[in-house]
Amino acid sequence: LSWIKMTHVKRFQGIPMSKSMRGLCKEEDYAFLGMSEKTPEGAGPLEDDWGDKKEERVRWRLEREQKEKERLREIEESKKEKEQQWRTHVAKLTSSQEKTLQDRLARLRTFRV
């Protein structure tokens, strides 16, 4: 709810209007937001809450970055493992084909002799 207040206050400050009109709107805004008119803008619990939210956002960002690094590391490990499996597979096939060719060559030599 507090971020709604902060957003509303920022939007309200960005609207160009006369001082008297701003005073009327401010009364309505305080009633809408459930705040006391005596609370100055940008001070008190709103500012503390903003700092807490900022820390929370920083923590979330760091967690996301860490998770992303972990995900990329896992993908890289998976790629390396698949590549190693492929190389092993190709080596087995090559070895098998060489053995087959050597067997054929041996049979041909015995047949010709």
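Residues numbered from 1 in each chain as written. Predicted model: local features only at pLDDT ≥ 70, side-chain atom pairs only at ≥ 80, totals over all residues. Heavy atoms only, no water.

Peer 1: Before we go on, may I ask you to explain the overall build of the chain in this structure?
Peer 2: Broken down by element type, the chain carries three helices and zero strands. Its helices and strands in sequence order give the chain the pattern α-α-α, from N to C terminus. Of all 113 residues assigned to the chain, the portion counted as buried reaches 8%. Considering only contacts within the chain whose residues lie at least 6 apart along the sequence, 47% involve residues at least 24 apart. (Helix = DSSP H or I, 4+ residues; strand = E, 2+ residues; numbered from the N terminus. Buried < 20%, exposed > 50% of the residue type's maximum accessible area, 1.4 Å probe, protein only. Contact = heavy atoms within 4.5 Å.)

Peer 1: For this particular structure, what's the right way to read the pattern of salt bridges?
Peer 2: All told, the structure shown has seven salt bridges when counted by the stated rule. Put simply, glutamate 63 and arginine 59 hold a salt bridge, and the shortest N to O gap is 3.5 Å. Residue glutamate 63 and its partner arginine 59 are located together in helix α3 (residues 45-112), separated by four residues, close to a single helical turn. Classification of glutamate 63 by relative accessible area gives partly exposed; the value is 34%. Residue arginine 59 is classed as partly exposed on the basis of its relative accessible area, which comes to 42%. With a closest N to O distance of 3.2 Å, arginine 61 and glutamate 65 form a salt bridge. (Salt bridge = Lys/Arg side-chain N within 4 Å of Asp/Glu carboxyl O.)

Peer 1: Got a minute to help me understand the confidence of the model for the chain in this structure?
Peer 2: Chain-level pLDDT for the chain is 79 on average; 60% of the residues reach the 70-or-more range. Across the chain, the element-wise mean pLDDT spans from 63 in helix α2 (residues 19-33) up to 91 in α3. Across residues 36-44, where pLDDT falls below 50, the model places nine contacts with residues more than four positions away in sequence or in other chains. (pLDDT = per-residue confidence, 0-100.)

Peer 1: Where do I start with the environment of arginine 71 in this structure?
Peer 2: As for its placement among the helices and strands, arginine 71 is situated in helix α3. A polar contact is formed between the side chain of arginine 71 and the side chain of glutamate 68, at a distance of 2.8 Å. (Polar contact = N/O pair within 3.5 Å; in protein donor to acceptor, adjacent residues only side chain to side chain.)

Peer 1: Is there a simple way to explain the environment of glutamate 77 in this structure?
Peer 2: Here glutamate 77 shows up in helix α3. In this structure glutamate 77 comes out as partly exposed when scored by relative accessible area, which is 43%. A polar contact is formed between the side chain of glutamate 77 and the side chain of arginine 73, at a distance of 2.3 Å.

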